[in-house]
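These are the residues of each chain, in order.
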Amino acid sequence: GVAVDANARARLGRALAKDLYPVFMMGRGLGYLTGATGKIDLAAAQHDLERAVFLDPKLYEAQRLIGELYLRQAPGDPKAIAKAGAKFDYAVDLAPEDIASLRAAAIATAQQHNWQPALDLFVRLVRLQPWDVDARYHLGQVMWELGDADGAERQLAQVTAHAPDDLRARRVLVLIHASRGDTRQLASELEAIATRAPDDRDVASDLAAAYGALGQWPKAIAQLERIAKVDVDAPLAMRIGDAHRAANDLDGALAWYGRAQQLAMGKNTLGYARY
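Residues numbered from 1 in each chain as written. Predicted model: local features only at pLDDT ≥ 70, side-chain atom pairs only at ≥ 80, totals over all residues. Heavy atoms only, no water.

A. The overall build of the chain, seen in detail. For the chain, the helix and strand inventory stands at 15 helices and zero strands. Radius of gyration (C-alpha) of the chain: 27 Å, far over the 19 Å computed for a compact globule of 275 residues. Along the three orthogonal principal directions, the C-alpha set of the chain runs to about 85 × 55 × 35 Å. The contacts of the chain with a sequence gap of at least 6 include a subset with a gap of at least 24, amounting to 42%. Accessible surface, the chain as shown: approximately 15,600 Å² in total, 55% of it carbon and sulfur. Distance between charge centroids for the chain: 3 Å, based on 33 positive and 35 negative side chains. (Helix = DSSP H or I, 4+ residues; strand = E, 2+ residues; numbered from the N terminus. Rg over C-alpha atoms; globule rule 2.2 N^0.38 Å. Contact = heavy atoms within 4.5 Å. Areas by Shrake-Rupley, 256 points an atom, 1.4 Å probe, with all protein chains shown as cover. Lys, Arg positive; Asp, Glu negative; His and termini not counted. Charge placed at Lys NZ, Arg CZ, Asp CG, Glu CD.)

This is the structure we're talking about:
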């Protein structure tokens with residue numbers, strides 16, 4: 001009773017291959033790749049998957065799986081990424097609307113910093129699945145790399161609206177606001193990150209700097225002193241002293257300057273003790 005359009009019906013009714021043997025080889029290779037056969041065996045997976053595409057080069061699912069295999073064999077290796085990317089691109093050529101192939105090709109292309117081709121692929125992916133917040137994040141990130149801050153912000157704002165805890169999107173938004181000198185928006189985004197990642201010292205430090213630029217010194221002091229509770233050194237103590245001075249708290253400033261001096265002397269004393 002479910003209505004299926006003509007394109008979906010064609011995809012659902014498509015025969016995977018003229019000959020079932022390549023499909024069998026692909027299935028067995030997938031079993032070795034994932035461990036569904038009882039154990040992961042990448043060498044056996046490569047043998048079966050490459051055999052499948054040799055028998056039927058247009059079996060795009062197998063082409064994509066070989067790309068995934070190459071990535072598994074050498075994680076993070078630029079040569080493996082390029083080799084896998086070629087397989088993903090071919091799979092997309094064979095099946096332009098296959099979501100898994102499009103996603104794999106887009107991510108591999110972005111990992112190689114080929115931003116314009118990656119943009120084209122992510123645009124296609126988002127058009128096919130506009131609800132996919134992960135694809136939309138990658139689209140925004142690639143737009144940012146290409147210098148389209150406005151386009152990136154539009155995409156990433158949609159991500160954070162539907163996935164508020166996506167810190168990847170929020171961190172790119174921080175870069176966008178910083179590039180524009182929009183301190184209020186920058187502080188707002190950093191606050192959202194700090195709420196979700198309270199142990200991130202870099203975020204707390206950047207948030208303190210943003211509060212200082214806005215003249216909100218009590219908030220800046222609170223962020224810096226929160227960092228100091230975990231770990232404090234002389235430069236941080238000096239920075240906290242400066243913040244207290246900017247807030248017209250002379251006693252607080254002197255206390256932190258004194259602590260900075262003690263920390264600096266302690267460091268120097270340890271240095272001399274080695275000799």
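Past the structure itself, the notes keep going.
B. Structural view of helix H13 (residues 217–230). Here H13 contains 14 residues, and its C-alpha end-to-end distance of 21 Å stays within 8% of the 20 Å for a straight helix at 1.5 Å per residue. Those residues of H13 that fall on the buried side of the exposure criterion are Ala 220, Ile 221, Gln 223, Leu 224, Ile 227 and Ala 228. Taken down its axis, H13 places every buried residue within 165 degrees of arc, on the same side. The exposed set on the far side of H13, more than 90 degrees from its buried face, consists of Pro 218, Lys 229 and Val 230. (Expected span 1.5 Å × (residues − 1). Buried < 20%, exposed > 50% of the residue type's maximum accessible area, 1.4 Å probe, protein only. Arc of directions from axis to C-beta.)

C. Up close: the environment of Leu 125. Position of Leu 125 among the secondary structure elements: in helix H7 (residues 115–128). Taking the relative accessible area as the measure of exposure, Leu 125 reaches 0% and is therefore buried. Sequence separation of Leu 125 and Glu 97 is 28 residues, and the distance between their C-alpha atoms is 8.2 Å. Excluding anything up to four places from it in sequence, Leu 125 contacts Ile 99, Leu 102, Arg 103 and Ala 135.

D. Quick peek at the nonpolar core. Met 26, Phe 122, Val 142, Leu 156 and Ile 176 are the most contacted members of the largest nonpolar core, which totals 44 residues. Residue contributions to this core peak at seven residues, all from H7. Discounting residues that sit within four places of it in the chain, Val 142 has contacts with Ala 110, Trp 115, Ala 118, Leu 119 and Phe 122. Counting residues in each nonpolar core, the second largest holds 24 residues, with Leu 224, Ile 227, Ile 240 and Ala 260 among its members. (Core = buried A, V, L, I, M, F, W, Y, C linked by side-chain atoms within 4.5 Å.)

E. Molecular detail of the side chain of Glu 189. On the secondary structure map, Glu 189 appears in helix H11 (residues 183–196). For Glu 189, a relative accessible area of 10% corresponds to the buried category.

F. Representation of unusual backbone geometry in the model. The backbone phi angle of His 113 is positive, close to 60 degrees, even though this residue is not glycine. Assignment of secondary structure puts His 113 in the loop between helix H6 (99–111) and H7. Of note in this structure, Asn 248 is not a glycine but carries a positive phi near 60 degrees.

G. Fine view of the pattern of salt bridges. Following the criterion strictly, the structure yields 13 salt bridges and no others. For Arg 201, the salt bridge identified is with Asp 231, shortest N-O distance 3.5 Å. On the criterion of sequence distance, the pair formed by Arg 201 in helix H12 (residues 201–213) and Asp 231 in the loop between H13 and helix H14 (234–246) is long-range, its members being 30 residues apart. Look at Arg 201 and you get partly exposed, because its relative accessible area is 37%. Ionic contacts of the salt-bridge type, sharing partners, join the residues Arg 103, Asp 132, Asp 134, Asp 166 and Arg 168 into one network. (Salt bridge = Lys/Arg side-chain N within 4 Å of Asp/Glu carboxyl O.)

H. The arrangement of the packing of aromatic side chains in detail. Under the criterion given, the structure shown has one aromatic pair. Above the face of the Tyr 70 ring, Lys 83 is positioned so that its terminal group lies 4.3 Å from the ring centre. Positioned above the aromatic ring of Tyr 137 is the side chain of Arg 168, whose terminal nitrogen or guanidinium carbon lies 4.1 Å from the ring centre. (Phe/Tyr/Trp six-rings, centres within 6.5 Å; stacked < 30°, edge-to-face > 60°. Lys NZ or Arg CZ within 6 Å of the ring centre and 35° of its normal.)

I. Quick look at helix H10 (residues 167–180). The terminal C-alpha atoms of H10, which comprises 14 residues, lie 20 Å apart, in line with the 20 Å expected from a rise of 1.5 Å per residue. Gly 181 occupies a position one or two residues after H10 and carries a positive phi of about 70 degrees.

J. Structural view of the environment of Ala 247. Residue position: Ala 247 is located in the loop between H14 and helix H15 (250–273). Taking the C-alpha atoms as reference points, Ala 247 and Gly 212, separated by 35 residues in sequence, lie 9.7 Å from one another. What Ala 247 contacts, discounting residues up to four positions off in sequence, is Trp 217 and Ile 221.

K. Looking closely at the packing of helix H4 (residues 60–73) against helix H5 (residues 78–94). Running from N to C, H4 and H5 cross one another at 165 degrees; their axes reach a closest spacing of 8 Å. Relative to H5, the element H4 is oriented roughly antiparallel. Considering how the two elements wind past one another, H4 and H5 form a crossing that is left-handed. Counted together, Tyr 60, Gln 63, Arg 64, Ile 66, Gly 67, Glu 68, Tyr 70 and Leu 71 of H4 and Ala 80, Ile 81, Lys 83, Ala 84, Lys 87, Phe 88, Tyr 90, Ala 91 and Leu 94 of H5 form the full contact between these two elements. Looking at the contact of H4 with H5 residue by residue, the classes come out as 11 nonpolar, two polar and four charged. (Axes fitted to C-alpha atoms, helices over the stretch in contact; angles between N-to-C directions. Parallel < 35°, antiparallel > 145°, perpendicular 65-115°, else oblique. Left-handed = near helix turned anticlockwise from the far one by under 90°. Nonpolar A, V, L, I, M, F, W, Y, C, P; charged D, E, K, R; others polar.)

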